Each structure stands twice: as structure tokens, then as C-alpha cells.
Amino acid sequence: MDSPINIHRLFDIPQYQLTTYDLDKAFVTKYDGKWKSISTKEYIKKSNKISRGLLRLGVKPNDKIAVISTTNRTEWNVCDIGILQIGAQNVPIYPSISKEDYEYILNHAEAMYCFVSDVTILEKLNQIKANTKLKAVFTFDDIANEKNWNEVLDLGNDTSNQNEVEIYKSNITSDDLATLIYTSGTTGKPKGVMLSHKNIVSNVLACAKRVPLELGKDKALSFLPLCHIFERMVIYLYQYSGISIYYAESIEKMTDNLKEIRPQVMTAVPRLYEKVYDKIIAKGGELTGLKKKLFFWAIDLGLKYRPYGANGWWYEKKLAVAKKLIFSKWHQALGGNIKVMVSGGAALQQRLTCIFTAAGLPIIEGYGLTETSPVISINDHKNKGFKIGTVGKAIDDVTIKIAEDGEILVKGFNVMLGYYKDPEKTAEVMTNGYFQTGDIGEIDIDGFLRITDRKKEMFKTSGGKYVAPTLIENQLKQSRFIEQAMVVGEGEKMPAAIIQPNFDFLVQWAKRKNISFQSIEDLIANKIVIERIEEEISFCNQKFGKWEQVKKFELTPDEWSVDGGQLTPKMSMKRKAIKEKYSNLYDKIYA
């Protein structure tokens with residue numbers, strides 16, 4: 001894994017950025033309505049202050065420091081490097097999890113100090129703080145009568161112990177533990193994934209080769225949580241590539257931020273791309289006459305997209321016209337400068353890959369897990385490394401093989417050190433040096449990896465037939481009427497689905513069809529609505545064998561969410577929780 005650029009530990013990356021790019025705007029965050037930036041020099045200077053301040057607070061190598069932030073912000077990265085430089089470990093925590101999970105993680109990690117962003121996090125943390133070993137909590141926002149992170153910076157103003165920081169830095173190796181990341185998980189207690197400097201650095205260097213950015217010049221917009229390894233690794237990658245990082249205010253303000261910043265790259269989970277696409281389609285539906293015909297002609301054309309001119313010259317000619325007349329407006333809505341959009345965290349629908357890439361807004365889809373730091377494979381629009389319906393080819397220094405039962409096994413510098421304080425669970429997922437991903441997949445003749453399902457989520461019907469629910473769910477979600485779908489049927493005579501409709505689209509559609517309703521409950525019970533969704537399911541069923549087809553379904557009256565307990569912070573379904581919440585619907589299906 002040796003690199004000619006001498007990056008072996010995560011805190012080497014800011015130093016590399018300083019000598020290679022020395023950015024005026026390394027990080028940019030909006031405070032009180034104004035964008036405020038720090039340069040690479042300032043970033044390193046503040047990180048050193050945090051290191052010195054933490055040492056004066058008694059922090060030693062291998063101590064754990066928790067960081068919980070509602071939104072991404074510059075302070076997160078300053079604390080991250082400050083913690084890592086003295087051999088302590090950063091333990092990032094999802095802001096949206098329960099206070100009971102806060103308590104479990106803080107105690108399991110034996111966290112000594114905690115940095116939090118705002119009063120919302122602080123209030124939740126204060127409810128359980130007495131049950132933990134925390135010595136103090138520091139806030140990023142100014143909150144009356146609370147310790148502020150500036151106190152740690154002030155402790156670090158005295159540079160007399162910088163030599164101590166340098167000694168600690170020199171003693172840290174690439175194999176040392178850098179961070180504990182607690183998986184949100186769909187069942188059971190969170191597991192603390194131990195990632196070393198080498199794990200993450202190897203991923204950064206390998207992935208940097210696949211991303212088409214102008215080094216030292218481009219801008220990125222970031223909003224996926226830094227507590228998740230996907231966005232965190234990407235942020236290190238941006239730093240390594242000399243990309244100025246702008247932190248979005250919130251998902252709600254994404255559109256405004258895109259127009260203000262005009263970035264070249266952004267990362268998102270598939271759900272966000274789905275929402276962007278749905279909004280575009282909804283606006284197209286409001287057009288009339290020739291404009292409407294042209295809009296949907298361009299959409300139909302985009303959905304048939306295949307890379308590298310595979311559809312022939314006449315298709316490419318028509319696509320050029322569609323780009324000029326229709327897709328150019330999409331570019332403007334996203335700021336006008338987007339070169340590439342990265343998708344991770346869950347499977348991306350093929351139609352989104354096709355339509356956005358056809359529009360000149362290519363989406364790079366990859367695959368990975370927290371335990372693999374995270375990237376295992378990624379599509380690459382250069383060098384014929386892009387294939388629709390796949391998650392690309394393995395990155396450098398990563399070996400993928402498929403087990404006899406179809407499970408994807410991975411070996412490489414990116415594979416975790418193990419689960420913290422849990423050698424038994426670690427042993428369960430490792431076989432002859434290979435990490436068992438729990439996913440089912442296949443590698444095609446060209447070396448592209450395709451994910452077909454989660455091993456644990458596959459089930460058998462009472463007829464003994466295997467069903468892969470994820471494949472069916474992803475197909476169902478391609479319907480504009482369906483926001484979320486969970487396929488059920490383990491041990492039952494047939495598969496069925498519990499479906500959360502796309503309420504925004506459904507309400508607009510019902511109004512156009514003059515369907516009267518008093519509430520959402522009224523709407524989803526309407527015979528015309530049920531018949532229309534039946535049509536969508538019948539269309540989906542054509543792609544599957546008879547034993548896999550969804551024979552019955554029920555609609556939920558509420559939206560599935562993280563706060564509601566149906567989704568993890570990564571927007572994955574909590575299958576057990578959904579089945580329990582809607583047990584009445586399940587019973588109705590199989591009565």
C-alpha cells in the first residue's frame with residue numbers, strides 16, 4: 001500500500017494538501033446566513049490547537065473522543081484531525097439515533113469527551129450523560145452555560161507542547177486504529193467497526209483514480225452525514241485532490257446551495273436522486289402542448305441510454321438535441337457545473353443511472369460496507385469502466401470472489417481490523433482472510449460486479465422456492481406511485497408487499513383524476529387508486545418468475561422515516577420493525 005506521496009495516516013492528508021495545493025478555501029460552512037471558509041493553513045493550525053488542547057485535558061493515545069453533529073461543518077474536520085494526531089480515536093455518532101443508543105455507544109467505546117453541534121443534540125445527550133464516563137461535553141454552537149469547543153482551542157493556544165504532538169504523530173503507524181464507527185444496523189445493538197489509518201487511506205488513494213475531477217480547482221457540495229464512512233472517506237478524498245469542500249445547510253436547502261456554490265461534484269444516497277427525478281417529472285407533467293411532448297420525448301430517450309455510443313449514431317444525434325432543449329435546464333437547476341454525481345449507501349435504480357447520465361449528469365455508483373472502509377468496487381466513466389446495472393469493478397488492492405452460495409467475499413487493505421470488543425462476531429464474518437459481506441452477487445465476463453440481494457434477506461416460500469426481495473423491491477420502486485416497498489412471504493404460500501405510496505405524486509395524480517378524498521386513509525382505500533397501483537405491480541411482475549411475483553399488497557397510511565423507526569440513518573429498511581408496525585396489514589394479506 002506504500003504511496004510515493006507518503007500518505008500513510010489520515011492526518012498526512014492535510015499536510016499533503018498544503019504542500020500540493022495550499023487552498024484558500026479548504027472548507028466552507030454557512031453561519032448566520034454567510035459562507036465562512038478556512039484555508040489549508042488555518043485547517044492545520046486549528047487541528048494542532050485541538051491536539052494540544054486535548055493533551056492538556058489529559059487525553060492519551062487510544063482514548064476515545066465522540067463527535068455528534070446534526071449537519072456537516074468545518075469544526076467536525078478540525079476535531080477529527082486534532083484527535084487522530086495524538087493517537088486517540090474519533091467515534092462519530094449518528095445524530096438521529098435514540099438517547100439509549102447514545103448511551104450504549106458512549107459506554108461501549110468508553111468515550112472520554114464529546115463534541116456536539118447544537119442544543120438539540122445536547123438536550124438528548126444530557127438525559128443520559130450521567131450514565132456514561134464522559135468528563136465533559138463541548139459544543140460547536142454558542143450555548144449559554146455550556147462548555148464550548150473554543151475552550152479546547154484556547155487551551156491549545158500555548159504551543160509549548162507541540163513537540164509532544166509531533167512525537168505522538170511520529171509514533172502512529174498506518175496499522176493503528178483510527179476510528180470506531182458504530183453500524184446503525186437493522187437489528188440488535190450497534191457494532192463498533194474498527195478501522196485503521198491504512199484501511200481508510202488505501203480506500204482514498206484507490207478511489208481517487210476513478211473520480212474525474214480537476215485537482216486543486218473543483219468544488220464539492222457535501223451533505224451526507226460525516227459520521228458515515230462513505231461521506232467521511234469522500235471528504236478525505238476531496239482533501240487529497242485539492243477540492244474545496246462546501247457543506248450544505250440541509251437537504252431542504254440543497255437546491256439553493258447548489259445554485260449558490262455551483263459545484264462540480266456532489267454525493268448522495270439513491271433516495272435523494274429519486275426525489276430530484278420525481279420533482280423533474282412532476283414539473284414536466286405540468287407542461288402543455290409541444291413543450292410537454294418534447295419533455296417526455298427526452299425522458300423516453302434518456303431511459304434507453306447505453307454508454308459508449310452503443311445505441312448508434314442516430315440515437316446520439318437525437319440525444320444531442322434533447323440535451324440542448326431539455327436536459328440543459330436540469331444542469332442549471334443543479335448549479336450548471338456538475339461533472340459527476342456519486343451514489344452510495346444503497347442500490348441505485350437503473351433508470352436513474354440511465355436518465356442522469358444521458359442528461360450529461362453522470363452518476364458514479366459504487367459498492368461497499370462500513371467494514372470495508374467503505375468502497376469495494378466503483379464504476380468509472382473513463383476507460384470503459386462503466387456498465388449500467390452493475391457497481392463497477394474492484395478498486396486497486398481489493399480482491400473479490402463469489403462463494404459457492406453466491407455470497408460476495410472481499411480481501412484487501414480496506415477490510416476492517418474487526419468489531420470492537422467482539423472477537424466472536426469478528427470471527428463469524430472472516431473466512432481465510434476474506435470478509436463475508438452478507439450480499440449475494442455475481443461477476444460478469446468483463447469483471448463488473450452485480451449485487452442481486454442480501455443473503456440474510458432472502459427467504460423461502462412454503463413451496464420451497466427462494467425469493468430475493470431486494471430485486472423485486474427495487475423494481476417496484478421504479479414506479480412513480482411507490483416510495484417504499486417491503487416484500488414479505490417467508491414460509492407463506494406466496495410473496496406479497498407492504499407499500500408506502502409516494503404521497504406527493506399520488507395526491508397530485510388523484511386531483512388530476514378528480515378523485516375526492518378527505519384524508520390519506522381515504523385516498524389509499526379508494527378503489528381507483530388500488531387498481532392503479534395493481535397495474536404498476538403487474539407491470540413489475542412481468543420481470544420475475546411466477547413464484548417471485550407479488551400476488552397481494554397493502555398500502556401504509558404514513559411515511560416511513562428514521563424518526564418513525566422504519567428506516568436506519570442510511571435509509572435502509574428495518575424489516576423487523578416494519579413487519580411489527582404493520583402486523584395488521586401482514587395478517588390481512590395472509591389471513
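Each remark here, short or long, concerns the structure printed above.
In short, a report on the structure. Only a predicted model underlies this, so the values are computations on that prediction, with no experimental measurement involved.

On to the pairing of strand β3 (residues 64-68). Regular strands place side chains that alternate from one sheet face to the opposite one. Taken across its 5 residues, β3 has 5 buried, putting it largely inside the fold. Every second residue of β3 is oriented toward a common face, with Lys-64, Ala-66 and Ile-68 on one face and Ile-65 and Val-67 on the other, all of them buried. Where β3 lies against strand β4 (residues 89-92), 4 bridges are found, and the strand directions are parallel. When the bridges of β4 are listed, Ile-65 appears paired with Asn-90. At this point the chain moves from β3, through helix α3 (residues 74-84), to the parallel β4, and the crossover so formed is right-handed. Sheet topology note: the β3/strand β5 (residues 111-116) ladder contains 5 bridges and is parallel. When the sheet's bridge partners are listed, Ile-68 is paired in β5 with Val-116.

Below, the discussion takes up the packing of helix α11 (residues 270-285) against helix α14 (residues 350-358). Packing of α11 against α14 brings their axes to within 11 Å, and their N-to-C directions diverge by 60 degrees. Taken together, α11 and α14 sit at an angle that is classed as oblique. α11 and α14 meet at a crossing whose hand is left-handed. Facing α11, whose interface residues are Pro-270, Tyr-273, Glu-274, Val-276, Tyr-277 and Asp-278, α14 presents Arg-351, Leu-352, Ile-355 and Phe-356. Residue classes in the contact of α11 with α14 are distributed as 7 nonpolar, no polar and 3 charged.

Taking strand neighbours across the sheet as the criterion, the 9 strands line up as β2-β1-β10-β9-β11-β12-β13-β14-β15 in an open arrangement whose pairing is mixed. At either end of the open sheet lies a strand with only one pairing partner, and these are β2 (34-38) and β15 (393-394). Lying over the sheet, α11 contacts β11 (265-268), β12 (340-343) and β13 (363-368), oriented at roughly 110 degrees with respect to β11.

The omega torsion of the bond from Ser-373 to Pro-374 falls at -5 degrees, within 30 degrees of zero and hence cis. Turning to its location among the elements, Pro-374 is positioned in the loop between β13 and β14 (375-378). Although it is not a glycine, Asp-397 adopts a positive phi angle of roughly 65 degrees. Among the secondary structure elements, Asp-397 is positioned in the loop between β15 and β16 (398-402).

Turning to the packing of aromatic side chains, a few remarks are in order. The full count for this structure, using the stated rule, is 18 aromatic pairs. With a centroid separation of 6.4 Å and 85 degrees between ring planes, the pair formed by Tyr-16 and Tyr-21 is classed as edge-to-face. For Tyr-16, a relative accessible area of 16% puts it in the buried group. Ring centres of Trp-330 and Phe-356 lie 6.0 Å apart, and the angle between their planes is 65 degrees; this geometry places the pair in the edge-to-face category. With a gap of 26 residues between them, Trp-330 in helix α13 (residues 313-333) and Phe-356 in helix α14 connect regions that are remote in the sequence. Residue classification places Trp-330 among the buried residues on the basis of a relative accessible area of 6%. Classification of Phe-356 by relative accessible area gives buried; the value is 1%. When the ring centre of Tyr-586 is taken as reference, the NZ or CZ atom of Lys-579 above it lies at 4.5 Å.

With respect to the helices and strands, Glu-151 occurs in helix α6 (residues 149-155). Among the residues examined, Glu-151 registers a relative accessible area of 34% and is labelled partly exposed. For the pair Glu-151 and Gly-53, spaced 98 residues apart in sequence, the C-alpha separation works out to 8.3 Å. The residues contacting Glu-151, other than those within four sequence positions of it, are Phe-138 and Glu-146.

In this structure, Phe-115, Tyr-238, Met-266, Trp-330 and Phe-356 are the most contacted members of the largest nonpolar core, which totals 124 residues. Element by element, the count of residues in this core is highest for helix α9 (residues 229-241), at 9 residues. If you look at the next biggest cluster of nonpolar residues, it comprises 27 residues, including Val-467, Ile-472, Leu-506 and Val-550.

What follows deals with the side chain of Glu-371. Here Glu-371 is to be found in the loop between β13 and β14. Side-chain polar atoms of Glu-371 contact the side chain of Tyr-419, separated by 2.6 Å.

Our next topic: the sheet that holds strand β25 (residues 496-501). Read across the sheet, 3 strands follow the order β24-β25-β26 without closing on themselves; strand pairing throughout is mixed. Across the chains shown, the open sheet's two edge strands, defined by having one partner strand only, are β24 (482-488) and β26 (552-555). Going from strand to strand, the sheet's axes swing by 25 degrees on average, the running direction of each strand aside. Both β24 and β25 contribute to a ladder of 6 bridges, which runs antiparallel.

Here we come to the packing of helix α2 (residues 40-56) against α3. Closest axis-to-axis distance for the α2/α3 pair is 7 Å, and the angle between their directions is 55 degrees. Viewed along their axes, α2 and α3 adopt a mutual orientation that is oblique. The hand of the α2/α3 crossing is right-handed. Of the residues in α3, those in contact with Tyr-43, Lys-46, Ser-47, Ile-50, Ser-51 and Leu-54 of α2 are Asn-77, Val-78, Cys-79, Ile-81, Gly-82 and Ile-83. For the contact of α2 with α3, a count of residues per class yields 7 nonpolar, 4 polar and 1 charged.

Moving on, we come to the environment of Asp-24. Here Asp-24 is to be found in the loop between α1 (12-20) and β1 (27-31). Expressed as a C-alpha distance, the spacing of Asp-24 and Lys-45, which sit 21 residues apart in the sequence, is 14 Å. With near-sequence residues (within four places) excluded, Asp-24 lies in contact with Ser-37, Ile-38 and Ser-39.

With that settled, consider the pattern of salt bridges. Under the criterion given, the structure shown has 30 salt bridges. A salt bridge links Asp-422 to Lys-425; the shortest N-O distance between them is 3.7 Å. Asp-422 sits in the partly exposed class, given a relative accessible area of 22%.

A few words on a nonpolar patch on the surface. Taken together, the side chains of Trp-297, Val-321 and Leu-325 present a nonpolar region at the surface, about 230 Å² in accessible area. Checked against the element boundaries, Leu-325 lands in helix α13. The class of Leu-325 is partly exposed, set by a relative accessible area of 39%.

Each value, and the rule that gives it
Residues numbered from 1 in each chain as written. Predicted model: local features only at pLDDT ≥ 70, side-chain atom pairs only at ≥ 80, totals over all residues. Heavy atoms only, no water. Buried < 20%, exposed > 50% of the residue type's maximum accessible area, 1.4 Å probe, protein only. Helix = DSSP H or I, 4+ residues; strand = E, 2+ residues; numbered from the N terminus. Pairing = 2+ DSSP bridges. Right-handed = clockwise from strand over helix to strand, strands pointing away. Axes fitted to C-alpha atoms, helices over the stretch in contact; angles between N-to-C directions. Parallel < 35°, antiparallel > 145°, perpendicular 65-115°, else oblique. Left-handed = near helix turned anticlockwise from the far one by under 90°. Contact = heavy atoms within 4.5 Å. Nonpolar A, V, L, I, M, F, W, Y, C, P; charged D, E, K, R; others polar. Phe/Tyr/Trp six-rings, centres within 6.5 Å; stacked < 30°, edge-to-face > 60°. Lys NZ or Arg CZ within 6 Å of the ring centre and 35° of its normal. Core = buried A, V, L, I, M, F, W, Y, C linked by side-chain atoms within 4.5 Å. Polar contact = N/O pair within 3.5 Å; in protein donor to acceptor, adjacent residues only side chain to side chain. Salt bridge = Lys/Arg side-chain N within 4 Å of Asp/Glu carboxyl O. Patch = residues over 30% accessible without salt bridge, like charges linked within 9 Å, V, L, I, M, F, W, Y side chains within 5 Å. Areas by Shrake-Rupley, 256 points an atom, 1.4 Å probe, with all protein chains shown as cover.

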